Amino acid sequence: MKSFVNINTTPWTWVVRWFQPNEKEEIRVGVDAVTGDVASFDHVIEESQAGPELAEDDARSIAGAFAAARFDRSVTELSRYKLLEARSENRQDRMDHYFIWENVANKVEDGEFRVSVRIQGDQVGGFRMYYKAPEEFLRKLSERKAKDAI
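Rules and cut-offs
- Residues numbered from 1 in each chain as written.
- Predicted model: local features only at pLDDT ≥ 70, side-chain atom pairs only at ≥ 80, totals over all residues.
- Heavy atoms only, no water.
- Helix = DSSP H or I, 4+ residues; strand = E, 2+ residues; numbered from the N terminus.
- Expected span 1.5 Å × (residues − 1).
- Buried < 20%, exposed > 50% of the residue type's maximum accessible area, 1.4 Å probe, protein only.
- Arc of directions from axis to C-beta.
- Contact = heavy atoms within 4.5 Å.
- Salt bridge = Lys/Arg side-chain N within 4 Å of Asp/Glu carboxyl O.

Student: Explanation requested: helix α2 (residues 56-71) in the structure shown.
Tutor: Since there are 3.6 residues in each turn of an α-helix, residues three or four apart along the chain are aligned in direction. Helix length check: α2, at 16 residues, gives a terminal C-alpha distance of 21 Å against a target of 22 Å (1.5 Å per residue), a fit within 8%. Looking only at α2, the buried set comprises Ala59, Ala63, Gly64, Phe66, Ala67 and Phe71. All buried residues of α2 fall inside an arc of 160 degrees around its axis, so they share one side. Away from its buried face by more than 90 degrees, α2 exposes Asp57 and Ala69. Those residues of α2 hidden inside the fold are in contact with β3 (38-44), β5 (95-108), β6 (111-120) and β7 (123-132). Phi turns positive one or two residues past the end of α2, at Asp72, with a value near 55 degrees.

Student: I would appreciate a short explanation of the pattern of salt bridges in the present structure.
Tutor: A side chain of one charge can pair with a side chain of the opposite charge when the charged atoms of the two come close. Enumeration according to the criterion identifies 16 salt bridges in this entry. A salt bridge links Glu26 to Arg17; its shortest N-O distance comes to 3.0 Å. Among the residues examined, Arg17 registers a relative accessible area of 46% and is labelled partly exposed. Its salt-bridge partner being Lys132, residue Glu135 comes within 2.3 Å of it at the nearest N-O pair. One salt-bridge network, in which partners are shared between bridges, spans Glu47, Glu85, Arg87, Glu89, Arg91, Arg94 and Asp96.

That is the geometry; function is a separate question.
Take a look at the structure:
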């Protein structure tokens, strides 16, 4: 049975990596340590690899359809998710797009559950779900105290 946190993130994962020595391309897959489900993935390709230059709306549609079909995250449902970031990077022979959505239906204090999808050309190149802790909490966590210095 999944807990509230595990439904919105996968805090404990095993990462498996496939690569060829001396090659840029690799695939990393995060596997949920509890359920064995795929929790995240990252497909790294050459920046010079050719691909289409999609418009942002087309890339967002691909990202939303992928998140819904593969990970049961309906990021296009406006009552549950809010688009926080949409940016594009022009590569040598393609356009890459990055999208981050916040789950507004589920909150823990001031933190946010987020979904991130990367589109490389017209292919999904990365996906992950994570918890973004509040900035104030992160600042206090990283503060050095006198006893830490000693």
